[in-house]
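Listed below are the residues making up each chain.
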Amino acid sequence: MTHARIVLWLSVTLRSTRSLRRAHFVEWQPPKPPNPVAMENGTGPCREERPPTAQETTVTEGAAKIVFPSSNEVFYNPVQEFNRDLTCAVITEFARIQLGTKGIQIKVPGEKDLQKVVVDLSEQEEEKVDLKDGENLAPGDQPQIAVVGEICEEGLRVLEGLAASGLRSIRFALEVPGLRCVVANDASARAVDLMRHNVQLNGVAHLVQPNQADARMLMYMHQKPRRGKLEQGWGGPEGLTTQFFPKGLLCVTCTDMAVLAGNSGETCYSKYGAMALKSRACHEMALRIVLHSLDLRANCYQRFVVPLLSISADFYVRVFVRVFTGQAKVKASASKQALVFQCVGCGALHLQRLGKAAEATGGRVKFSAACGPPVSPECEHCGQRHQLGGPLWAEPIHNLDFVGRVLEAVSTNPGRFHTSERIRGVLSVITEELPDVPLYYTLDQLSSTIHCNTPSLLQLRSALLHAGFRVSLSHACKSAVKTDAPSTALWDIMRCWEKTCPVKRERLSETSPAFRILSVEPRLQANFTIREDANPSSRQRGLKRFQANPEANWGPRPRARPGAKAASEVLERCRLLQNKRKDPPEDRAQRAARLKTFPCKRFKEGTCQRGDQCCYSHSPLPGASADATPTDCPETPPTRTPLDPGPAAGPGVD
């Protein structure tokens, strides 16, 4: 049986691909224990000795202990500990499933009893198989046990394409049972040298094989033969990943959230093949854009992806998908993607599928183009135009059976990870999400559109439940409202809420979205009585669902550079450069002195009645030209401080 394979952390956004292309390719040999003498001296395929470093930082995370230079020569971000803990938990459950079909049980440190239920996550996700211990074994045979730190010949082979310090790979070897080998690859010679030192320090040289190469070339040179010849084609890192690792687990992290969240739609299209929109649901939209990109690249090689878990956390998105081969299933990929129509006025969302799948005679499935668009040129609620985004993944982004397994394993063994409390909270919210409802609205978005007070989360959820709709939270946003209610019903509920605290219509412009929405009487009478089922279970239990910033100056770290400054110096420089384009605030005396440098326009015309109380000058200023443009005097004294408009914009008035 073909061994299961896992590809980890292969996001093109984490590192510059230019540095990867400059790396020298070193052929990946089958994992074997390295030469201890070479490990002590820091030598390897690149024939370089490890230079002595006076300033090194020691980090202990999970069961691993690593050292790395204090200067920013090797990439490391401590905020990603949640990411690494979650990855270890996911791979452990994936190994339990894969090895369980071979009659191999895994033993996780801290677990009391071995799990006996195995879920089949093949192409038919809905099929489940319950296997008792030893069911696949011949009579008289003893079940095989896989433990951490030991080589399992039938186990998983793991590739971390951009390993940096090797922390993640070392943690796999020390915390995940059922592994055959772990290849920790990086293009930086300094990083690979550091990996060798850390591998020797943790005593996992028999499992972890450091390797220096371009990640794309490494996979390209070890592709699987197909039909008597090698598969040809070049589809970028994502395409190569799906090409060379069939039926494996692909784990991808993307940290360029500014691009995925709609700040640069054209850049998002060039990287991911989709147009991102500025939306309150931008974090879930980012997840669905990444899934669309992965599936699109996989389709080029007659493969498709099945999401297991997709998370938006901190400053990145993290997706875990399985890759399958099947030409018939690939044909259905178009019906899994959708375009997004978003109103620029009220933010109403409408999805348009790219393809349509219908049952034909004989049990066959017929695929065709979808019909649309689902909206008129102008929004039916506020009369504004629509923006077009996508394509994005429109199917469920989680496998709830698999998420439940990971959640149960973390809950019964909370001491395994430092971030177990947060993992438990996030996964609990995910199990409560509506799987068949893409994207969401937010409380502040709905109320700010019509300029009314914001209802409580329980009040809005209760109103939707009373109206017969389903509603849930989203792990991607604290104030999210994910519901299957159409936008018409949602705005009817908000119209009913506005009647409890009316908005002054005379203050609204007749062309504003708020005026047009509130000018229509609601056809649905909302009931805001709090229902017991409106409060989700995760909220009742007080779980840590939405964690605050983990530390000061958190976020994506700068790319590792040879001879770089210490990480503390880089963070201090970033702190000093924050808000550098903003003008310093003025006090009232400074603003009065600045305005006195401008002549009063009304005084020159003879109409200024304020005299000495005028905030502008009534006398020629030293050095001022005779034809200087005077300034109009305001009727009332200024009450707030505007930004300095500069000499080109002229003086500012309130």
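Summarised in this report is the structure supplied together with it. Fair warning: this is a prediction, and the values are worked out from it, not measured in the lab. (Residues numbered from 1 in each chain as written. Predicted model: local features only at pLDDT ≥ 70, side-chain atom pairs only at ≥ 80, totals over all residues. Heavy atoms only, no water.)

What to know about the packing of aromatic side chains
Inclusion rule: We call Phe, Tyr and Trp rings a pair once their centres come within 6.5 Å, taking the six-membered ring for Trp, and we label the pair stacked below 30 degrees between planes, edge-to-face above 60, and tilted otherwise. Secondary structure elements are taken from DSSP: a helix is a run of H or I of four residues or more, a strand is a run of E of two residues or more, and numbering for both begins at the N terminus. Think of it as a cone above the ring: NZ of Lys or CZ of Arg counts as a charge over the ring if it is within 6 Å of the ring centre and within 35 degrees of the ring normal.
Applying the stated criterion across every chain, the model contains 3 aromatic pairs. Ring geometry for W497 and F528: centres 5.3 Å apart, planes at 65 degrees, overall edge-to-face. With W497 in helix α16 (residues 487-500) and F528 in the loop between α17 (513-518) and α18 (537-540), this pair connects stretches of sequence that are 31 residues apart. Here the basic side chain of R422 rests over the ring of F82, its NZ or CZ set 4.1 Å away from the ring centre.

What about the sheet that holds strand β14 (residues 337-343)?
Stated formally: The rule for pairing is simple: two strands pair if DSSP sees at least two bridges between them. Between N-to-C directions, angles span 0 to 180 degrees; the directions come from axes that are lines fitted to C-alpha atoms, helices contributing only their stretch in contact. We call two residues contacting when some pair of their heavy atoms lies within 4.5 Å.
In space, the 3 strands of this open sheet follow the order β15-β14-β18, with antiparallel pairing throughout. Among the strands making up the open sheet, the edge pair consists of β15 (349-353) and β18 (386-393). Direction aside, neighbouring strands of the sheet carry axes that sit 25 degrees apart on average. One ladder, built from 5 bridges, connects β14 with β15; its direction is antiparallel. Pairing of A338 across the sheet is with R353, part of β15. Strands β14 and β18 of the sheet are contacted by helix α10 (residues 282-299), whose axis makes an angle of about 55 degrees with β18.

Some words on the pairing of strand β8 (residues 208-212)
As a reminder, the rule being used: Only protein chains enter the accessibility calculation, which uses a 1.4 Å probe; a residue is then buried when its area is under 20% of its type maximum, exposed when over 50%, and partly exposed in between. Looking down the strands as they point away from the viewer, one classifies a crossover as right-handed if the path from the first strand across the helix to the second runs clockwise.
Burial within β8 is extensive, with 5 of its 5 residues counted as buried. Here strand β7 (residues 179-186) runs beside β8; their pairing, made up of 5 bridges, is parallel. Each bridged residue has a counterpart across the sheet, and for D186 the counterpart in β8 is Q212. Read from β7 through helix α5 (residues 189-202) to β8, the crossover connection turns out right-handed.

Concerning the side chain of H292
Using the following cut-off: As used in this structure description, the phrase polar contact means that two N or O atoms lie within 3.5 Å; if the pair is within protein, one of them must be able to donate a hydrogen and the other to accept it, and residues adjacent in sequence are counted only when both atoms belong to side chains.
By the element assignment, H292 lies in helix α10. H292 sits in the buried class, given a relative accessible area of 5%. Reaching out from H292, the side chain makes a polar contact with the backbone oxygen of G273 at a distance of 3.5 Å. In this structure H292 touches Y272, G273, A274, Q337, P391, L392 and W393, once residues within four positions along its chain are discounted.

Observations regarding the nonpolar core
Cut-off, in case you're wondering: Throughout, nonpolar core names a set of buried Ala, Val, Leu, Ile, Met, Phe, Trp, Tyr and Cys residues whose side chains join them through atoms within 4.5 Å.
One finds L260 and I289 to be the most contacted residues of the largest nonpolar core, which totals 72 residues. The residues contacting L260, other than those within four sequence positions of it, are C254, C268, Y272, A276, C282, A286, I289, V290 and V317.

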